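Coordinate analysis (summary)
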There are 2 protein chains.
Amino acid sequence: MDNVFSKERFLTSLNACKSYKSLDATLLAERLSELAEIGRTKQGGISRLVYTAEEKQAKQRLTKWLEELGLVVREDAIGNLLALYEGENPELPVVMTGSHLDTVPNGGAFDGALGVLSSLTAIEGLIKEGKRPKRSIELVVFVDEEGTRFKNGIFGSRVMMGEVTYDDLLRFEDEEGIKLVDAIKEQGLFPEKIKETHYPKENIHAFVELHIEQGKILEENQEKIGIVKGIAGPSWHSFTFVGETDHAGNTPMTHRKDSVAAAAELILAVEQIPPKVSKTAVATVGKMNVHPNGSNVIAGETTITVDARDIDEDLREQMNRQIINAANKIAEKRGLSLEHKTEITIPPVLAPQAIQDAIKHASEALKLPYRYVISGAGHDAMILGKYVPSGMIFVPSVNGKSHSPEEFTHLDDCLDGIAVLKETLYELANQ
Amino acid sequence: MDNVFSKERFLTSLNACKSYKSLDATLLAERLSELAEIGRTKQGGISRLVYTAEEKQAKQRLTKWLEELGLVVREDAIGNLLALYEGENPELPVVMTGSHLDTVPNGGAFDGALGVLSSLTAIEGLIKEGKRPKRSIELVVFVDEEGTRFKNGIFGSRVMMGEVTYDDLLRFEDEEGIKLVDAIKEQGLFPEKIKETHYPKENIHAFVELHIEQGKILEENQEKIGIVKGIAGPSWHSFTFVGETDHAGNTPMTHRKDSVAAAAELILAVEQIPPKVSKTAVATVGKMNVHPNGSNVIAGETTITVDARDIDEDLREQMNRQIINAANKIAEKRGLSLEHKTEITIPPVLAPQAIQDAIKHASEALKLPYRYVISGAGHDAMILGKYVPSGMIFVPSVNGKSHSPEEFTHLDDCLDGIAVLKETLYELANQ
C-alpha cells in the first residue's frame, strides 16, 4: 500500500517544504490525514458520498477547525457550508473560496478536501499575520460535487446559483431507491427551503478554488502552479449504429452490416479530430455497449459515447460537427442506420484576466514556477464562473492519478499552492 | 407477428410444393407446428432448453410419431434418442441421420427440429414406398446441441463419440446453480452410466444431417440445396489491451494510453484480414468489454473476442497469426500491454466426396438447383465428422435469420430438402 495516501508518506516531503511563516505544514498534514480516515476503504481509498454519515462527519470536523479560528459557520438548507472571515468593509461583495468534501467511491484524499483545507489554511494564515483585507473572505464547502450517488454532480454550486428547483430535486434517487429529497432531509436539512440557499450573485466579487491538477502536465514540466485559463465544459454525444445481427460463421465478410466495425471506425476518427481543431481540444470514447455481445454473433447494435471538450465553445462545436459528420459517413458507407443524441452540453468557462493576474502575481512574488493550463475536468468553479468572476489554482498530481486510491500530491506542493491562494485572496479582497 | 412462425404462414406455400408421392407436406407442417408450440414464447420464438419439461415433451411427441411408424425408440443414458429402421443386412454399419430438438432461448422453429422431422419424414417415405435398403437407417436426436443452458454445446454428439467423461459432467452448472448431473438425473436418466452411451464408431457407415442454412447464400442465388463441403470449425481468441485509466478532460490527446482506441484498430484489422487469406475465411469481433466503461474516463482495459473460421485449418491458422501480429503491432505502437488467450480451437471438418456425391446425385435426379457451400456454424455433424464419414444438406433460410423468432424456411423448400435427404440416405444405405 505504498502508493496510497498515508500521513507518513505525506510527511516524507516535510523537509522539502518552503518556510511560509504563517502556514503550518505539519498541521495541514494532520488535518488532511484526519479527513482521509473518514470513509477510508480497504484499498486505501476514500468513500465519502454525499448525504452519508461519513460526509457529515467530515463537515463536522471542518466546522470545528473553522470555529477554533473564531469564524461563524452556517449550513444552508441543502447542506452547503459557509464561513465568513470578515473584512474591513463587510458590506462589500465577498471573495469566496472553497471546494467540496465528498468523494467518488474509493476515490483519493486530495480531490476536494485539499481545496477546502487550502482555503481554511490560507484564511488562518491571514489571521495569524494580522492581515484583514477590505472585503470579507468567505469559505464555502459545496455539497455533492462528484455526483456519483444521485448521478447529479456539481450540485451544491448549481443550487446556490439558483439553477435547481424543488421539482428538479424530486427527479433524483440513488441506486438503492432513496430519493434525493429524503436523503437531504435525513441529514436534518430542508430541501423544501431550496430557494433560501440562493446566494445573491452581486454579493460575490470573485471565487477562487484550489484543486489538484488530475493530469500530468505540471509534473512533467516541473512546474508548481497551474493558472487555470478556463474550464473546458464537456459535451456528450451518443452514437448508435444499427446493422444486422447475423451468425459469425455463416455470413460472408461481404454480406455483413457489422455495428462493432462501424463503431471502431468512429472511435479512430474521434481520436484524429481534436488536434485538427485546437491544441486544447480532447475527445474520448470511454463507454460502449455492444448488443448482443456474443463471441459468435455479428453485433446488430453498438452504442458509443463521445466526450468532447475545449475551452472555446465555437471550436468545441466545430469538433462535434466533424465527429457527427464522420459518424454519418461511416453509417452511409456501410449501409447501417445511425441514431445520434446530444446527452450533455455544458458551456466552457473562461477565467477573467484579473483573477489569472492575481494568481500570477502571487506565484511570481513567491518565486514559484507556473504555467497557464486549462481544466478538462468540471468543477464548482465552472458553475460559479457563469455568473461571477472565477478562477482556479492547480497543484501537481503525482502521475496524474485521480479518482483512485493512488491520488497523491506532495506536501511541499500543497503548501506552495496554499501560499499562492493566500496571496491571491488577499489581493482580490483588497480590490 | 407476420414475421414469426405460424402453421398458417408455413402452409402458405403448400401449393408451391412439388409432388413427392411418399412425402406428405401437410403432415410435415402439422408436425413442425406441434413442436413449435412446445416452449413457444410471447415474442413468437421457441425456448426449449436442454433437460427441461419442454425438451422432454418434444422428445415424447417425436417418440410417438416414430412408434406409429413401427420403429423401436431407445434413449441412451444422457438422453440422446435413437430409432432404427432396419435394413436387409442389419449386421452392416448403419447410416445415421438426425439433428436436435433443443433451441436457444427465444430461438426459431426450424433449427434442429426441421432436421429431426426431415429424417423422420425421409424414413417414413422409404417405408411408404416399400424401399428397404441394405443397411439400417438410424434416426438420432442429439441432446443439447445449442449449449446455452450449461455453456456446453454439441454435447450429445460429443458424449456419444466418447469425448466426455463423468468427471467432465461435474464441471458444469447452469446460471441458477443447477448442476448438469442433477439436471440429467431429474429427467430420469443416468449420467453415471455415461460410458454406456458410447456408440461404436465402426458401426456407423455414414452420418447425414439436414439443417437450415442460417445464412443468405442459397436464397440470394435462388438455389434449393446446399451441399456442405465442410464445417468451418471456430477458433476463439481474446485480446486484452491494457493502457491507462485517465480523466477524459485532463489528459491531452498526445498523453493517452487508450485501450478502446487500440481495440478499435484491431477490430478494423480483423475485418480486413479474411479476404486476404481465402474466399471462405471469416473473422468477427462480436463481444467486447470496456473497463471502467464510463463516458468521461479513458478506458484502461478493453477486451475483445475474435471468432475466426475457415474450412481449411492451415488457412485458418494463417489468419489467426495475422490477427495476432496485428494486435501486437497495435499494442507496441501505442505503448500498451497486450494479453492474448486462445479460448477455443475446433478443427474444421470436411465432408467426404462420397457423401457430397450422394447428395449431388439426389439433387440432380430431382432437378433441384444446388450449390456447394460451407457451414460456418458448428453442428453435431462436425463432431461425428471427426470419426465417421459425415455430411450435411442445407435448405434456404429466409433472409438468413436464425436463432430468433424470425427464423423461417418455406414449406416447399423444406420438402425439397427432405426429398434429397431421402434419396441420399437410400443411396448411402445401399453402399
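Another point: the overall build of chain A. For chain A, the helix and strand inventory stands at 13 helices and 15 strands. Here the C-alpha atoms of chain A give a radius of gyration of 23 Å, agreeing with the 22 Å that 2.2 N^0.38 yields for 431 residues. Considering only C-alpha atoms, chain A reaches an extent of 80 × 45 × 45 Å along its principal axes. A buried classification covers 60% of the 431 residues belonging to chain A. When contacts within chain A are restricted to residue pairs at least 6 apart in sequence, those whose partners lie at least 24 apart make up 79%. Summed over all atoms, the accessible surface of chain A reaches about 16,400 Å², with 48% contributed by carbon and sulfur. If the 48 positive side-chain charges of chain A are averaged to one point and the 65 negative ones to another, these points end up 2 Å apart.

All names here are of chain B. For strand S7 (residues 234-242), the buried fraction is high: eight of the nine residues fall into the buried class. Of the strand pairs in this sheet, S7 and strand S11 (residues 301-309) are connected by nine bridges, and their pairing is antiparallel. Along S11, the bridge assignment pairs Ser-238 with Thr-305. Across eight bridges, S7 lies against strand S12 (residues 337-345) in antiparallel orientation. Each residue of the ladder has a partner; that of Thr-240, found in S12, is Glu-339.

Here we take up the sheet that holds strand S9 (residues 282-291) of chain A. Residue and element names in this part refer to chain A. With respect to topology, four strands assemble into an open sheet ordered S9-S11-S7-S12, the strand pairing being antiparallel. At either end of the open sheet lies a strand with only one pairing partner, and these are S9 and strand S12 (337-345). Each neighbouring strand pair of the sheet contributes to a mean axis angle of 15°, computed without reference to strand direction. In this fold helix H10 (residues 313-334) packs onto strand S7 (234-242), S9, strand S11 (301-309) and S12, with an angle of close to 5° to the strand it touches most, S7.

With that settled, consider the interface of chain A and chain B. Across the boundary between the two partners, chain A contributes 54 residues, which contact 55 residues of chain B. A buried area of about 4,300 Å², summed over both sides, lies between chain A and chain B, and 54% of it is on carbon and sulfur atoms. It is A:Asn250, A:Met253 and A:Ser295 that lose the most area in chain A upon contact with chain B, and together they represent 16% of the buried surface on that side. In this structure, the connection of chain A to chain B is made through four salt bridges. When the shortest N-O distance is used, the salt bridge between B:Glu271 and A:Arg334 registers 2.6 Å. Inspection of the region where chain A meets chain B yields 18 residue pairs in polar contact (both at pLDDT 80 or more). Per-class residue counts for the side of chain A that touches chain B are 23 nonpolar, 18 polar and 13 charged.

As enumerated under the stated definition, the model contains 16 aromatic pairs over all chains in all. Where B:Phe5 meets B:Phe408, the ring centres are 6.4 Å apart and the plane angle is 40°; that geometry is what we call tilted. Here B:Phe408 lies in the loop between strand S15 (390-395) and helix H14 (411-429) and B:Phe5 lies in the segment before helix H1 (7-11), a separation of 403 residues in the sequence. The class of B:Phe5 is buried, set by a relative accessible area of 3%. The class for B:Phe408 is buried, based on a relative accessible area of 2%. One aromatic cluster in this structure is built from A:Phe5, A:Phe10, A:Phe110 and A:Phe408. The ring of B:Tyr426 has B:Lys131 lying over it, and the distance from NZ or CZ to the ring centre is 5.1 Å.

This part covers the pairing of S11(B). All names here are of chain B. Taking burial as the measure, the nine residues of S11 include seven buried ones, the bulk of the element. Two elements, strand S9 (residues 282-291) and S11, share nine bridges in a ladder whose sense is antiparallel. Bridged to Thr-284 within S11 is Asp-307.

Right, let's talk about the relation of the copies chain A and chain B for a bit. Between chain A and chain B, the superposition needs a rotation of 180° and an axial shift of 0.0 Å, giving an RMSD of 0.0 Å. Within this description, the copies of the chain are treated as partners about a two-fold rotation axis. Closest to the rotation axis within chain A is the C-alpha of A:Ala264, separated from it by 2.2 Å. A share of 100% of interface residues in chain A that are also interface residues in chain B marks the association as one of identical surfaces.

The biggest cluster of nonpolar side chains holds 63 residues, and the ones touching the most others in it are B:Phe10, B:Leu62 and B:Phe110. Looking at this core element by element, the count peaks at 10 residues for H14(B). Leaving out residues up to four positions away in the same chain, B:Phe110 has contacts with B:Phe5, B:Phe10, B:Leu32, B:Gly115, B:Ile212, B:Glu407, B:Phe408, B:Thr409 and B:Cys414. Counting residues in each nonpolar core, the second largest holds 62 residues, with A:Leu28, A:Tyr85, A:Ile123 and A:Ala206 among its members.

Let us now look at the pattern of salt bridges. Pairing is possible between side chains of opposite charge, provided their charged atoms come close. All names here are of chain A. A complete count under the given rule lists 47 salt bridges over all chains for this structure. The partner of Glu-129 in a salt bridge is Lys-422, and the shortest N-O contact between them spans 2.7 Å. One end of the pair, Glu-129, is in the loop between helix H4 (113-128) and strand S4 (137-142); the other, Lys-422, is in helix H13 (residues 411-429), with 293 residues separating them in the sequence. According to the relative accessible area criterion, Lys-422 is buried, its value standing at 5%. Linking Lys-224 and Asp-413 is a salt bridge whose minimum nitrogen-to-oxygen distance equals 2.8 Å. Separated by 189 residues along the polypeptide, Lys-224 in the loop between helix H8 (217-220) and strand S6 (225-231) and Asp-413 in helix H13 bring together distant segments of the chain. Asp-413 gets classed as buried once you look at its relative accessible area, which sits at 5%. Through salt bridges with shared partners, a single network forms among Glu-129, Lys-131, Lys-422 and Glu-423.

Interface size is commonly expressed as the accessible area that is lost once the parts come together. Residue and element names in this part refer to chain A. Under the domain assignment used here, chain A contains domain 1 (7-231 + 348-429) and domain 2 (234-345). For domain 1 and domain 2, the distance between their C-alpha centres works out to 36 Å. Across the domain 1/domain 2 interface, buried area totals approximately 590 Å², and carbon plus sulfur atoms make up 73% of it. Summed over the shared surface of domain 1 and domain 2, the number is zero salt bridges. On the surface where domain 1 and domain 2 come into contact, there are one residue pair in polar contact (both at pLDDT 80 or more).

Here the residue pair A:His291 and A:Pro292 is connected by a cis peptide bond, since its omega of 5° sits within 30 degrees of zero. Looking at the secondary structure, you find A:Pro292 in the loop between S9 and strand S10 (297-298). The phi dihedral of A:Asp144 falls on the positive side, at around 50°, and the residue is not glycine. Along the chain, the position of A:Asp144 falls in the loop between S4 and helix H5 (155-160). With phi around 55°, B:Tyr51 is a residue other than glycine that occupies positive phi space. In this structure, B:Tyr51 sits in the loop between helix H2 (25-36) and helix H3 (53-68).

Describing two packed helices takes the angle between their axes plus the distance from one axis to the other. All names here are of chain A. Contact pair helix H2 (residues 25-36) / H4: the axes reach a minimum separation of 11 Å and the direction vectors enclose 145°. The crossing of H2 and H4 is right-handed. Contact residues: Leu-27, Leu-28, Arg-31, Leu-32 and Leu-35 in H2; Ala-113, Leu-114, Leu-117, Leu-120, Thr-121 and Glu-124 in H4. Of the residues assigned to the contact of H2 with H4, the class counts are eight nonpolar, one polar and two charged.

Take helix H3 (residues 53-68) of chain A next. Residue and element names in this part refer to chain A. Here H3 spans 23 Å end to end across 16 residues, near enough to the 22 Å set by a 1.5 Å rise per residue. Here H3 has its buried residues at Glu-55, Ala-58, Lys-59, Leu-62, Thr-63, Trp-65 and Leu-66. All buried residues of H3 fall inside an arc of 165° around its axis, so they share one side. Of the exposed residues in H3, the ones pointing more than 90 degrees away from its buried face are Ala-53 and Glu-68. Taken together, the buried residues of H3 touch H2, strand S1 (72-75), strand S2 (81-85), H4 and S4. Among the residues trailing H3, Gly-70 stands out with phi positive, at a value near 90°.

Rules of the game
Residues numbered from 1 in each chain as written. Chains lettered and ligands numbered in written order. Predicted model: local features only at pLDDT ≥ 70, side-chain atom pairs only at ≥ 80, totals over all residues. Heavy atoms only, no water. Helix = DSSP H or I, 4+ residues; strand = E, 2+ residues; numbered from the N terminus. Rg over C-alpha atoms; globule rule 2.2 N^0.38 Å. Buried < 20%, exposed > 50% of the residue type's maximum accessible area, 1.4 Å probe, protein only. Contact = heavy atoms within 4.5 Å. Areas by Shrake-Rupley, 256 points an atom, 1.4 Å probe, with all protein chains shown as cover. Lys, Arg positive; Asp, Glu negative; His and termini not counted. Charge placed at Lys NZ, Arg CZ, Asp CG, Glu CD. Pairing = 2+ DSSP bridges. Axes fitted to C-alpha atoms, helices over the stretch in contact; angles between N-to-C directions. Buried area = accessible area lost by both parts, 1.4 Å probe. Salt bridge = Lys/Arg side-chain N within 4 Å of Asp/Glu carboxyl O. Polar contact = N/O pair within 3.5 Å; in protein donor to acceptor, adjacent residues only side chain to side chain. Nonpolar A, V, L, I, M, F, W, Y, C, P; charged D, E, K, R; others polar. Phe/Tyr/Trp six-rings, centres within 6.5 Å; stacked < 30°, edge-to-face > 60°. Lys NZ or Arg CZ within 6 Å of the ring centre and 35° of its normal. Least-squares fit on C-alpha atoms with pLDDT ≥ 70 in both. Core = buried A, V, L, I, M, F, W, Y, C linked by side-chain atoms within 4.5 Å. Domains from an automatic or database assignment. Left-handed = near helix turned anticlockwise from the far one by under 90°. Expected span 1.5 Å × (residues − 1). Arc of directions from axis to C-beta.

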